[in-house]
Amino acid sequence: MVPMKNILILGGTTEARQLAGKLSHRADFSVTLSLAGRTESPVAQGVPVRVGGFGGAAGLAAYLREEHVHLLIDATHPYAARISANAAEAASQTGVPIFALRRPVWEPVAGEHWTLVDSVAEAAQALGAAPRRVFLAIGRQEAGAFEAAPQHRYLIRSVDPVEPKLAVPEAVYLLARGPFPEADERALLEQHGIDAVVSKNSGGEATYGKIAAARTLGIEVIMVRRPPLPDVPSAETIDQLAAKIDHLLDPEAERGV
Ligand SMILES: NC(=O)c1ccc[n+]([C@@H]2O[C@H](COP(=O)([O-])OP(=O)(O)OC[C@H]3O[C@@H](n4cnc5c(N)ncnc54)[C@H](OP(=O)(O)O)[C@@H]3O)[C@@H](O)[C@H]2O)c1
């Protein structure tokens, strides 16, 4: 009998869930998905899930040892820099191989007006002094940074409610979970008279609609650059990653057959 290989996927993204589903069909893989526990009602993941932080890189390293993990996959969001750094560190401490799933960044295309910034706080400054109508599509965790620019009117979209509400005179809150098609995004931007979109460079299709819609409407995009991420072996798509995993964990491949 082929021994089971334990795979831990650090998730919180659609791709992590899809990858877990794909790998769980393999009789020789035992897949666990790890979530930070930020979302109040996460969508069903289809594989065993563990929830909550590990306690830094050392805690994750201890988990990898205790659970006899053979492979660690970092499929977290590109802005979740701390867990990615911890994953790289824990893999190096334990000798457990690591792969990251990294979506390619969006690149500006002709007709788009991007202003690049390094942080959400910088994005708030980049909106300028004059009042604007701003669509915040950066999630709820960092929305508070825009209290520093209370002159603008905000439309704030998130999966879970922003609590506490922002201390700004004008803010409209919208609860929604992607994917967000371009046509819907365009209608939303028009309905609220938006003249600036603040976005992270998440990559992928699910949340690109707002960027395309902003282009069509001639709206500026304040784009928060990705944080630096550790240099570990990575793939851009689920299929590419699955092929790499096969190669690494396949017993035939291990014997050099
Ligand atoms: N940041 C975003 O824009 C964004 C967007 C969509 C989804 N997400 C997802 O939300 C989660 C949290 O994001 P974040 O920005 O708070 O990340 P972060 O700043 O990199 O992580 C903060 C801490 O949360 C815990 N953590 C994060 N992801 C975890 C996971 N998958 N499993 C177990 N613990 C995890 C770790 O705690 P310990 O140190 O105690 O282990 C980590 O040190 C990530 O899994 C990410 O994929 C983030």
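Residues numbered from 1 in each chain as written. Predicted model: local features only at pLDDT ≥ 70, side-chain atom pairs only at ≥ 80, totals over all residues. Heavy atoms only, no water.

A. A look at the overall build of the protein. Along the backbone of the protein there are eight helices and 12 strands. Relative to its length of 257 residues, the protein is compact, with a C-alpha radius of gyration of 20 Å against a globular reference of 18 Å. Counting only carbon and sulfur atoms, one obtains 53% of the accessible surface of the protein, whose full area is about 12,500 Å². In the protein, 25 positive and 30 negative side-chain charges are present, and the distance between their average locations comes to 2 Å. (Helix = DSSP H or I, 4+ residues; strand = E, 2+ residues; numbered from the N terminus. Rg over C-alpha atoms; globule rule 2.2 N^0.38 Å. Areas by Shrake-Rupley, 256 points an atom, 1.4 Å probe, with all protein chains shown as cover. Lys, Arg positive; Asp, Glu negative; His and termini not counted. Charge placed at Lys NZ, Arg CZ, Asp CG, Glu CD.)

B. Broad picture of the domain arrangement of the protein. Considered domain by domain, the protein is made up of domain 1 (5–103 + 228–255) and domain 2 (114–224). On a C-alpha basis, the centroid separation for the pair domain 1 and domain 2 is 30 Å. Across the contact, 10 residues belong to domain 1 and 12 residues belong to domain 2. Summed over both sides, the interface of domain 1 with domain 2 buries roughly 850 Å², with 44% coming from carbon and sulfur. Applying the counting criterion to the domain 1 and domain 2 interface returns zero salt bridges. (Domains from an automatic or database assignment. Contact = heavy atoms within 4.5 Å. Buried area = accessible area lost by both parts, 1.4 Å probe. Salt bridge = Lys/Arg side-chain N within 4 Å of Asp/Glu carboxyl O.)

C. Spatial organisation of the packing of aromatic side chains. For the structure on display, the rule yields three aromatic pairs. For the pair phenylalanine 54 and tyrosine 63, a centre-to-centre distance of 5.2 Å together with 70° between the ring planes defines the contact as edge-to-face. The buried category is assigned to phenylalanine 54, whose relative accessible area is 17%. Between phenylalanine 146 and tyrosine 154, the aromatic rings sit 5.7 Å apart at their centres with planes inclined by 65°, giving edge-to-face as the arrangement. By relative accessible area, phenylalanine 146 is classed as buried at 0%. One cation-aromatic arrangement involves arginine 50 over phenylalanine 54; the distance from NZ or CZ to the ring centre is 3.9 Å. (Phe/Tyr/Trp six-rings, centres within 6.5 Å; stacked < 30°, edge-to-face > 60°. Buried < 20%, exposed > 50% of the residue type's maximum accessible area, 1.4 Å probe, protein only. Lys NZ or Arg CZ within 6 Å of the ring centre and 35° of its normal.)

D. Up close: the environment of threonine 115. For threonine 115, the position within the fold is in strand β6 (residues 113–117). Using a relative accessible area of 26% as the deciding quantity, one classes threonine 115 as partly exposed. Along the primary structure threonine 115 and serine 158 are separated by 43 residues, whereas in three dimensions their C-alpha atoms are 22 Å apart. With residues near it in sequence (within four places) discarded, threonine 115 still touches Ala126, Glu220, Val221, Ile222 and Met223. Only 2.5 Å separates the side chain of threonine 115 from the side chain of glutamate 220, close enough to count as a polar contact. (Polar contact = N/O pair within 3.5 Å; in protein donor to acceptor, adjacent residues only side chain to side chain.)

E. The arrangement of the site of the ligand in detail. Inspection of the region around the ligand gives 22 residues, with Gly11, Ser34, Phe54, His77 and Lys200 positioned closest. Separating an oxygen atom of the ligand from a side-chain N or O atom of asparagine 86 is a distance of 3.4 Å. One of the side-chain nitrogen or oxygen atoms of lysine 200 is found 2.8 Å away from an oxygen atom of the ligand. Its free accessible area being 810 Å², the ligand has 82% of it covered by the protein chains. (Near = heavy atom within 4 Å.)

F. A look at the environment of proline 179. Relative to the helices and strands, proline 179 resides in the loop between β9 (171–175) and α5 (182–191). The exposed category is assigned to proline 179, whose relative accessible area is 61%.

G. How the structure looks around the side chain of aspartate 74. Positionally, aspartate 74 belongs in strand β4 (residues 71–74). Apart from the residues lying within four places of it in its own chain, the contact partners of aspartate 74 are Leu10, Ser84, Phe99, Ala100, Leu101 and Arg102.

H. Representation of empty space enclosed by the protein within the structure. Under the counting rule described, the total for this entry stands at one cavity of 30 Å³ or more. Considered as a void within the structure, the largest cavity measures approximately 120 Å³ in volume. Along its surface, the largest cavity is lined by 13 residues, and Thr76, Pro78, Leu101, Arg102 and Arg103 are the ones closest to its centre. (1 Å grid on protein atoms, 1.4 Å probe; cavity = no way out; pocket = protein on both sides within 12 Å on 5 of 7 lines; lining within 4 Å. Points joined across faces, edges and corners; volume = space filled by probe spheres on them.)

I. Broad picture of the sheet that holds strand β2 (residues 29–35). Read across the sheet, six strands follow the order β3-β2-β1-β4-β5-β12 without closing on themselves; strand pairing throughout is parallel. Each end of this open sheet is capped by a strand with a single partner; those strands are β3 (49–51) and β12 (234–235). Where β4 lies against strand β5 (residues 98–101), three bridges are found, and the strand directions are parallel. Across the sheet, residue isoleucine 73 finds its bridge partner in β5, namely phenylalanine 99. The strands touched by helix α2 (residues 56–66) are β1 (5–10), β2, β3 and β4; relative to β1, the strand with the most contacts, the crossing angle is about 155°. (Pairing = 2+ DSSP bridges. Axes fitted to C-alpha atoms, helices over the stretch in contact; angles between N-to-C directions.)

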